[in-house]
Amino acid sequence: MRLILVDRGRELTDVLRWEFRPHPEVEIVCGPFEELPAFDCVVTAGNSFGLMDAGVDLAVVRYFGKPLMERIQKLILQDHLGEQPVGTSLIVPTGHPDHPWVVHTPTMRIPMNINGTDHVYTALWATLTAVHRHNRDAERPIRTLACPGLGTGTGGVPLMEAATQMRLAYEHFKKPAEWINPTMAQARHERVHYGGRWGFEHPRG
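Residues numbered from 1 in each chain as written. Predicted model: local features only at pLDDT ≥ 70, side-chain atom pairs only at ≥ 80, totals over all residues. Heavy atoms only, no water.

> How do you make sense of the packing of aromatic side chains when you look at a structure like this?
Each aromatic ring pair is described using two quantities: the centre-to-centre distance and the angle formed by the ring planes. What the rule picks out here adds up to five aromatic pairs. Sitting over the ring of tryptophan 18, arginine 21 keeps its end group 3.6 Å from the ring centre. (Phe/Tyr/Trp six-rings, centres within 6.5 Å; stacked < 30°, edge-to-face > 60°. Lys NZ or Arg CZ within 6 Å of the ring centre and 35° of its normal.)

> Help me out: how do you make sense of the pairing of strand 2 (residues 27-30) in this one?
Here is the key point about a regular strand: its side chains alternate between the two faces of the sheet. Of the pairings in the sheet, the one linking strand 1 (residues 2-7) to strand 2 comprises four bridges and is parallel in character. By the bridge assignment for strand 2, aspartate 7 is matched with cysteine 30. (Pairing = 2+ DSSP bridges. Helix = DSSP H or I, 4+ residues; strand = E, 2+ residues; numbered from the N terminus.)

> Please clarify how the side chain of glutamate 161 should be interpreted in this entry.
With respect to the helices and strands, the residue glutamate 161 is situated in helix 5 (residues 159-174). By relative accessible area, glutamate 161 is classed as buried at 11%. A distance of 2.8 Å separates the side chain of glutamate 161 from the side chain of glutamine 165, its partner in a polar contact. (Buried < 20%, exposed > 50% of the residue type's maximum accessible area, 1.4 Å probe, protein only. Polar contact = N/O pair within 3.5 Å; in protein donor to acceptor, adjacent residues only side chain to side chain.)

> Where do I start with the environment of aspartate 14 in this structure?
Position of aspartate 14 among the secondary structure elements: in helix 1 (residues 10-19). Exposure remark for aspartate 14: the relative accessible area of 38% places this residue in the partly exposed category. Residues aspartate 14 and aspartate 57 lie 43 residues apart in sequence; the distance between their C-alpha atoms is 22 Å.

> Is there a simple way to think about helix 3 (residues 66-80) in this case?
Three or four residues apart is the spacing at which side chains of an α-helix point the same way, because the helix has 3.6 residues per turn. A rise of 1.5 Å per residue sets the reference length of helix 3, with its 15 residues, at 21 Å; its end C-alpha atoms lie 21 Å apart and thus fit the reference within 8%. Buried within helix 3 are the following residues: Leu68, Met69, Ile72 and Ile76. Angularly, the buried residues of helix 3 cover 100° about the axis, an arc narrow enough to put them on a single face. Residues of helix 3 that are exposed and point more than 90 degrees away from the buried face comprise Lys66, Lys74 and Leu77. If you follow the buried residues of helix 3, they end up packed against helix 2 (55-64), strand 4 (90-93) and strand 5 (101-104). (Expected span 1.5 Å × (residues − 1). Arc of directions from axis to C-beta. Contact = heavy atoms within 4.5 Å.)

> What am I meant to see in the sheet that holds strand 1 here?
To summarise the sheet geometry, strands pair through backbone hydrogen bonds and adopt either a parallel or an antiparallel arrangement. If you trace the six strands from one edge of the open sheet to the other, you get 2-1-6-3-5-4, paired in mixed fashion. The open sheet terminates on both sides in strands that have one partner only, identified here as strand 2 and strand 4. The average angle at which neighbouring strand axes cross in this sheet is 25°, direction not considered. Against the sheet, helix 1 touches strand 1 and strand 2, its axis set at about 165° to strand 2. (Axes fitted to C-alpha atoms, helices over the stretch in contact; angles between N-to-C directions.)

> It is not clear to me how the state of the cysteines should be interpreted in this structure. Could you clarify?
In a disulfide, the sulfur atoms of two cysteines are covalently bonded to one another. All told, the structure shown has zero disulfides when counted by the stated rule. Free cysteine: cysteine 30, not disulfide-bonded; nearest cysteine sulfur from cysteine 147 at 15 Å. A relative accessible area of 28% means that cysteine 30 is categorised as partly exposed. Free of any disulfide, cysteine 41 has its nearest cysteine sulfur in cysteine 147, 9.6 Å distant. (Disulfide = S-S within 2.5 Å.)

> What's the story with the packing of helix 4 (residues 119-137) against helix 5 in this structure? I'm lost.
In a packed pair of helices, the relevant descriptors are the angle between the two axes and the axis-to-axis distance. Their axes nearest at 8 Å, the elements helix 4 and helix 5 cross at an angle of 30°. In terms of their interaxial angle, helix 4 and helix 5 are classed as roughly parallel. Between helix 4 and helix 5 lies a crossing of right-handed hand. Between helix 4 and helix 5, the residues in contact are His119, Val120, Tyr121, Leu124, Trp125, Leu128 and His132 and Ala162, Gln165, Met166, Leu168, Ala169, Tyr170, His172 and Phe173, respectively. (Parallel < 35°, antiparallel > 145°, perpendicular 65-115°, else oblique. Left-handed = near helix turned anticlockwise from the far one by under 90°.)

> Would you explain the pairing of strand 6 (residues 144-147) in this entry?
With burial as the criterion, each face of strand 6 is covered, one bearing Thr144 and Ala146 and the other bearing Leu145 and Cys147. Two elements, strand 1 and strand 6, share four bridges in a ladder whose sense is parallel. By the bridge assignment for strand 6, leucine 3 is matched with leucine 145. Bridge count for strand 3 (residues 41-44) against strand 6 is two bridges, and the pairing is parallel. Paired with cysteine 41 across the strands is leucine 145, a residue of strand 6.

In structure tokens:
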């Protein structure tokens, strides 16, 4: 699967380009996702209730139409009883022949500041693992995933921190764990850094 990180913010895309320099296979694009020449799926990093009325969410609704938001909210009601948890993803068909999928991945319960959390990491991790599960069985797999910067708007996460968490999620996806034990779990947690009170008490150096 090819990953494109696309965002309208020049400063953010410059930071993403720096942070992802060990991964030249990841394309970084400054501009609207709508102008990408090709993508199978776009990530909309919203909130737990599928309220898509600002930022990238609103751009996605304007591009694909309001029925997409209605489908997302219907799935949230059906699958998550009205509140999709942060750290989960829903892959939703768009009806568009060239861009058949949207991944709805909340970074926050409602629009709010999420600085000092691992929500950016968990959002991209949820997205990538949802695409992985989709591609195991789908007749039409997702080959190109377009993803905006996560948590840097309303979420208030500093650009470098957001880019770091996105890189870590991508690296863990590209080189998945081969076994699970307490040492592995602790090492990954410390690498992600935030989660619980740890990030507040020990800011990333």
